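Each chain is listed here by its residues.
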Amino acid sequence: CVRHDELTNSKPILIAHRGLVHGSDPRIENMPSTIYHSRSLGYDVEIDLWYINDGWWLGHDGPQWPTSISMLDEISRGDDGAHHAWIHAKNIAALYQLRRIEWPGHYFYHQGDDAVLTSTGFLWTNPGQPLTPLSICVMPEWNGLIEKCQDLVVHGFCTDHAERIRIELGRS
């Protein structure tokens, strides 16, 4: 197996699923403070976004915390000018609005697909599906891939265990 850094001369990005870095915790997932904390640690974040009644909301199973495009932009943009938020549009209205406003960062919509193409051309690849150099390997902990992550040729990992993968990849 060819290592990612040997193929692309770069390292896979680490995406904190719903802002989580130390494991699943439904009480704090998608909370603005959780998301800001993960970004302050240098992680990209996957966030669940709804658009309902002319307003933006964060939350997985439904809208829980109000948000705004300016807050999403603040979360997303890094000092390097790149976007570091991966927005999971949770309803068609959110997907449509992101497209309508020409959101420049990463966003996608899916309902149990094997993989979906993100707005920026990456393959959001669900657990157990074949991986490519353009894949974001979603939830590697669900199929025993955390221990093998250093050998996978992917663009990144979206996980509740970003800290653990960071250690597995030998990053300080």
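Description of the structure in this document. The structure displayed is predicted, hence computed values, not measured ones.

About the thresholds
Residues numbered from 1 in each chain as written. Predicted model: local features only at pLDDT ≥ 70, side-chain atom pairs only at ≥ 80, totals over all residues. Heavy atoms only, no water. Buried < 20%, exposed > 50% of the residue type's maximum accessible area, 1.4 Å probe, protein only. Helix = DSSP H or I, 4+ residues; strand = E, 2+ residues; numbered from the N terminus. Pairing = 2+ DSSP bridges. Salt bridge = Lys/Arg side-chain N within 4 Å of Asp/Glu carboxyl O. Core = buried A, V, L, I, M, F, W, Y, C linked by side-chain atoms within 4.5 Å. Phe/Tyr/Trp six-rings, centres within 6.5 Å; stacked < 30°, edge-to-face > 60°. Contact = heavy atoms within 4.5 Å. Arc of directions from axis to C-beta.

As for the pairing of strand β10 (residues 156-159)
Here comes step 1: Residues Gly 156 and Cys 158 line one face of β10 and the alternating positions Phe 157 and Thr 159 line the opposite face, and both faces are buried.
Here comes step 2: Both strand β9 (residues 135-138) and β10 contribute to a ladder of 3 bridges, which runs parallel. The residue of β10 that forms the bridge with Ile 136 is Gly 156.

Quick notes on the pattern of salt bridges
Here comes step 1: Evaluated as defined, the whole model comprises 6 salt bridges.
Here comes step 2: A salt bridge links Arg 164 to Glu 147; the nearest nitrogen and oxygen atoms lie 2.4 Å apart. Highlighted residues: Arg 164 in helix α5 (residues 162-168) and Glu 147 in the loop between β9 and β10, separated in sequence by 17 residues.
Here comes step 3: The class for Glu 147 is partly exposed, based on a relative accessible area of 41%.
Here comes step 4: Taken together, the shared-partner salt bridges connect Arg 18, Glu 29 and Asp 48 into one network.

Remarks on the nonpolar core
Here comes step 1: By size, the foremost hydrophobic cluster in this structure holds 32 residues, and its most contacted members are Leu 58, Leu 98 and Phe 157.
Here comes step 2: Within the residue set of this core, elements represented by two or more residues are β1 (13-17), β2 (44-52), β3 (55-58), α3 (69-76), β5 (85-89), α4 (92-100) and α5.

With respect to the packing of aromatic side chains
Here comes step 1: As enumerated under the stated definition, the model contains 4 aromatic pairs in all.
Here comes step 2: Through a chain of ring-to-ring contacts, the aromatic side chains of Trp 86, Phe 108, Phe 122 and Trp 124 assemble into a single cluster.

Digging into the side chain of His 17
Here comes step 1: Its location among the elements puts His 17 in strand β1.
Here comes step 2: Given the relative accessible area of 9%, His 17 is considered buried.
Here comes step 3: Each residue touching His 17, except ones within four places of it in the same chain, is listed here: Glu 46, Met 139, Cys 158, Thr 159 and Asp 160.

Remarks on unusual backbone geometry
Phi is mostly negative for residues that are not glycine, and the peptide bonds are mostly trans.
Here comes step 1: For Asp 54, which is not a glycine, the phi torsion comes out positive at approximately 65°.
Here comes step 2: Tracing the sequence through the fold places Asp 54 in the loop between β2 and β3.
Here comes step 3: Judged by relative accessible area, which is 69%, Asp 54 ranks as exposed.
Here comes step 4: Backbone geometry at Met 139 places phi at a positive 50°, although glycine is not the residue there.
Here comes step 5: Within the secondary structure layout, Met 139 lies in the loop between β9 and β10.

Examining helix α2 (residues 32-40)
Three- or four-residue spacings in an α-helix give side chains the same orientation, since the helix completes a turn every 3.6 residues.
Here comes step 1: Among the residues making up α2, those that are buried are Thr 34, Ile 35, Ser 38 and Arg 39. Down the axis of α2, the sector holding all buried residues measures 135°, keeping them to one side.
Here comes step 2: Buried residues along α2 sit in contact with β1, β2, β3 and α3.
Here comes step 3: Backbone geometry just downstream of α2 places Gly 42 in the positive-phi region, at approximately 95°.

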